[in-house]
Amino acid sequence: MASDNVFVSPEDSVMTNLSPMDAVEPTVDELLDGALSPYLSDDQDGDSPFVNEDVTKLKHAWVNEKQAPDLLPYETQLVEDLTEMLQFIEALQGEDAGQPFTVMLYQTEVERIKYLLRSYLRTRLQKVERYAMFYSGSEEHLSRMSAGEQQYIHQYRGLFETHMTRTCLDKLPESLRALDETTGNIPWNDTAVVCRVQQDVGEISVTETETVEMRRDNIFLMPYQTVEKLLQSDQVVLL
Amino acid sequence: MGDYYDIDDILADQQLNVDIPGLATDETRSNGDELQADTTIELPLWMAESLAANDFVELQLPRPYGSRMQRILYASCRNVNFHALCPYFYKFGLKLSLALDEPQLSELLADVYRQRLELVLDAAQRSDAQNMVEFISQLDETEKQTYAIAKKSTQAVRQWQKGDAKLLQSAEILTCFQSAPS
Amino acid sequence: MTSTKPTQQFTLPELEFLAEDTPITIIPTHRMDTLHFISGSYGPFQPPAHIEVPLWLARLLKTKRRCHIQAPTWLNCRFLERKYDEEQRQPDRFSNLPYQYLEIAHVLVTCAEDDIPQSHTIKRLIQDLREIRQSKARAGLAAVNPVYLQMDHLGAVELNEIRPVFCQAFNHLRKLEKDLGDYIVPSYEDTQSTTSYSNY
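Conventions used here
- Residues numbered from 1 in each chain as written.
- Chains lettered and ligands numbered in written order.
- Predicted model: local features only at pLDDT ≥ 70, side-chain atom pairs only at ≥ 80, totals over all residues.
- Heavy atoms only, no water.
- UniProt positions renumbered as here; feature names shortened; annotations may be inferred.
- Helix = DSSP H or I, 4+ residues; strand = E, 2+ residues; numbered from the N terminus.
- Patch = residues over 30% accessible without salt bridge, like charges linked within 9 Å, V, L, I, M, F, W, Y side chains within 5 Å.
- Areas by Shrake-Rupley, 256 points an atom, 1.4 Å probe, with all protein chains shown as cover.
- Salt bridge = Lys/Arg side-chain N within 4 Å of Asp/Glu carboxyl O.
- Buried < 20%, exposed > 50% of the residue type's maximum accessible area, 1.4 Å probe, protein only.
- Phe/Tyr/Trp six-rings, centres within 6.5 Å; stacked < 30°, edge-to-face > 60°.
- Disulfide = S-S within 2.5 Å.
- Expected span 1.5 Å × (residues − 1).
- Contact = heavy atoms within 4.5 Å.
- Buried area = accessible area lost by both parts, 1.4 Å probe.
- Polar contact = N/O pair within 3.5 Å; in protein donor to acceptor, adjacent residues only side chain to side chain.
- Nonpolar A, V, L, I, M, F, W, Y, C, P; charged D, E, K, R; others polar.

Going by what an unreviewed UniProt entry lists, chain B is known as DNA replication complex GINS protein PSF3 and is assigned to Dispira parvispora. In its Function (unreviewed entry) section, the UniProt entry covering chain B states "The GINS complex plays an essential role in the initiation of DNA replication." Under Subunit (unreviewed entry), UniProt gives the following word-for-word description of chain B: "Component of the GINS complex."

Identification of chain A as DNA replication complex GINS protein SLD5 from Dispira parvispora is taken from an unreviewed UniProt entry. What the UniProt record of chain A gives under Subcellular location (unreviewed entry) is the line "Nucleus". Taken from UniProt, the Sequence similarities (unreviewed entry) comment for chain A reads in full: "Belongs to the GINS4/SLD5 family."

Quick word on the UniProt feature "domain: GINS subunit" (unreviewed entry) in chain A
Per the UniProt entry, the sites bearing "domain: GINS subunit" (unreviewed entry) are residues 100–165 of chain A in this numbering. This span, residues 100–165 of chain A, is 88% helix and 0% strand, and a straight line between its end C-alpha atoms measures 56 Å.

Quick notes on a nonpolar patch on the surface
Residue and element names in this part refer to chain A. Where nonpolar side chains cluster on the molecular surface, the patch consists of M85, F88 and L92 and spans about 280 Å² of accessible area. Summarising the element assignment, L92 is placed in helix α3 (residues 76–95). Residue classification places L92 among the partly exposed residues on the basis of a relative accessible area of 43%.

Description of unusual backbone geometry
Glycine aside, a negative phi is what most residues show, and trans is what most peptide bonds show. In this model, G43 of chain C is joined to P44 of chain C through a cis peptide bond whose omega is 0°. Secondary-structure assignment places P44 of chain C in the loop between β3 (41–42) and β4 (51–54). Omega for the bond connecting P47 of chain C with P48 of chain C falls within 30 degrees of zero, at 5°, which places this linkage in the cis form. Examined against the element boundaries, P48 of chain C turns out to sit in the loop between β3 and β4. Within the chain, D101 of chain B stands out as a residue other than glycine whose phi angle is a positive 55°. On the basis of relative accessible area, D101 of chain B is assigned to the exposed category, the value being 55%.

Side note on the packing of aromatic side chains
Residue and element names in this part refer to chain B. As enumerated under the stated definition, the model contains 19 aromatic pairs over all chains in all. Taken together, a centroid distance of 5.8 Å and an interplanar angle of 85° make the contact between F89 and Y90 edge-to-face. Accessibility expressed as a relative area gives 1% for F89, which makes it buried. Exposure remark for Y90: the relative accessible area of 0% places this residue in the buried category. Relative to Y113, the ring of Y90 lies with its centre 5.3 Å away and its plane at 80°, an arrangement referred to as edge-to-face.

Let's talk about the state of the cysteines
Residue and element names in this part refer to chain B. In this structure the tally under the stated criterion is zero disulfides over all chains. Cysteine C86 remains unbridged, with the sulfur of C77 as its closest cysteine sulfur at 16 Å. Using a relative accessible area of 1% as the deciding quantity, one classes C86 as buried.

Observations concerning helix α2 (residues 53–67) of chain A
A turn of α-helix holds 3.6 residues, and therefore any two residues three or four places apart point the same way. Under the 1.5 Å per step criterion, the end-to-end length of α2 of chain A is 21 Å for 15 residues, consistent within 8% with the ideal 21 Å. In terms of burial, α2 of chain A is largely enclosed, as 13 of its 15 residues are buried.

As for the interface of chain A and chain C
On the chain C side, the residues contacting the 81 residues of chain A number 86 residues. Summing both partners gives a buried area of about 8200 Å² for chain A against chain C, and 61% of it is carried by carbon and sulfur. Taken together, chain A and chain C are joined by four salt bridges. Taking the shortest distance from any N to any O, the salt bridge between R174 of chain C and D190 of chain A comes out at 2.7 Å. At the boundary of chain A with chain C, the tally comes to 20 residue pairs in polar contact (both at pLDDT 80 or more). Examining the composition of the side of chain A that touches chain C, we find that 15 residues originate from one element, helix α4 (residues 100–130) of chain A, more than from any other. Tallied by class, residues from the side of chain A that touches chain C come to 47 nonpolar, 18 polar and 16 charged.

Encoded structure:
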């Protein structure tokens with residue numbers, strides 16, 4: 001396809017996006033580029049000593065979970081740590097109220113983290129519900145769930161089966177009543193996702209004959225299957 | 001795409017237009033008469049497919065996908081009324097190309113889809129929606145879906161820029177209940 | 001049947017939420033001790049010393065008139081004009097802007113209009129940038145193919161806006177372009193049609 005396109009597709013092997021910025025006034029550009037660096041990616045590097053990475057990690061976990069077609073492993077430690085922190089802070093505020101203004105600031109942050117936690121858990125539950133029939137029969141997927149989610153899926157499946165039987169299957173001939181793992185939706189791992197490369201990955205194969213070089217900060221639209229492994233090892237994040 | 005409960009997917013299976021010059025058998029009946037061999041009849045794809053699998057019939061491309069139409073599409077596909085050809089032009093076309101083993105048909109469809117996509121996105125991102133009605137009525141269901149999602153996401157950005165978007169929204173189901181007459 | 005269908009789409013306020021952890025420089029107007037948050041500690045606030053805090057905190061302090069916000073280096077007319085020129089000069093790629101430039105700019109011009117010099121012009125420039133980039137992305141749709149697409153420097157809002165169309169096109173082409181052999185959609189679609197008969 002035409003190489004004057006903004007997006008690089010397999011047909012253009014030249015990565016136009018990697019050419020240096022315009023060289024008209026390099027000093028100003030360098031200056032501005034330097035100014036940009038804190039904003040170029042949405043994660044804060046740990047160079048400031050007072051940043052707790054857990055919140056950033058949970059943010060990534062939520063975004064990844066939202067983008068991935070299949071259920072990702074549950075972030076047990078992360079959720080546990082943050083929940084403990086929240087309880088601790090809330091207990092502390094109960095004891096010693098402090099200045100109303102500062103309390104309000106702390107409360108705002110608590111609400112933000114709660115919102116993040118809920119969003120993360122809700123995103124997972126949506127998948128658990130949608131693929132309940134399939135997941136509940138798959139050891140692999142059950143192992144990616146928290147204890148709460150496992151309990152939820154079993155109860156949900158029970159409700160679903162009763163509902164289907166009562167409203168519909170009872171009225172059908174015996175041979176058409178099957179309700180098992182193959183009924184209902186199955187996550188489709190070939191679907192497209194957008195990801196950003198976190199560290200240089202090098203060449204990865206995208207078809208039997210083609211490879212693509214993945215460098216830090218590149219953004220790709222690719223089938224989920226192609227990046228699934230890289231996602232597990234944190235080499236890419238979904239966007 | 002590929003939803004188990006997707007009604008469009010099921011409807012795409014029922015498009016009544018596979019021509020079948022038949023090696024019709026004694027069991028196949030139409031209006032009580034026995035069908036002669038070599039008769040051409042139209043059957044829903046799901047039926048035709050299973051008949052073909054058992055060598056009762058031989059499948060032919062229906063007219064919207066025939067060689068004449070293919071030539072027209074090769075020349076220019078931008079002004080063709082796909083909705084009139086077949087509301088599920090792509091979905092049904094893909095099923096046909098698999099059933100009849102005609103890979104060049106799906107290649108053509110892919111090409112045509114890509115060419116029309118930009119028009120669809122362009123229409124969706126315009127702020128003047130007036131002149132679009134006719135254009136949209138000529139899209140096939142897949143394209144209409146693309147148009148709808150493109151429009152929705154562009155409008156969401158506009159709304160946000162105007163400052164009326166909230167972080168917490170009521171669930172769709174609640175809005176349904178609230179707007180329902182009591 | 002499932003109640004809520006999982007969606008890849010973020011709402012715009014969700015994107016704004018995600019961008020609100022971006023560090024922003026403020027000039028506090030009130031003295032305040034170090035604040036110890038779960039996500040990190042900020043302070044002490046000693047006017048007129050500059051200090052970097054997350055955007056959500058900056059916004060909160062600003063609305064309570066406890067600080068002035070210093071616009072990020074890229075949020076000024078000269079820089080944005082240069083970026084616009086760059087977008088025009090190079091139709092084949094997006095210029096390098098902060099990933100969340102639209103969200104950050106939106107938050108800042110909404111809550112701290114008085115702290116940002118020429119905020120009206122800035123609003124217009126941001127809108128111009130958005131439009132030129134949007135039309136580039138639209139033209140880029142011609143490159144959609146069922147293997148991969150590299151789309152460097154696209155912003156969060158921009159990505160979220162075009163994602164549904166690009167993903168749908170990508171998935172659709174993947175089904176159509178059979179000559180890719182094993183890259184055609186795997187058996188899911190096939191198992192679906194066979195099992196669905198048994199359930200009718």
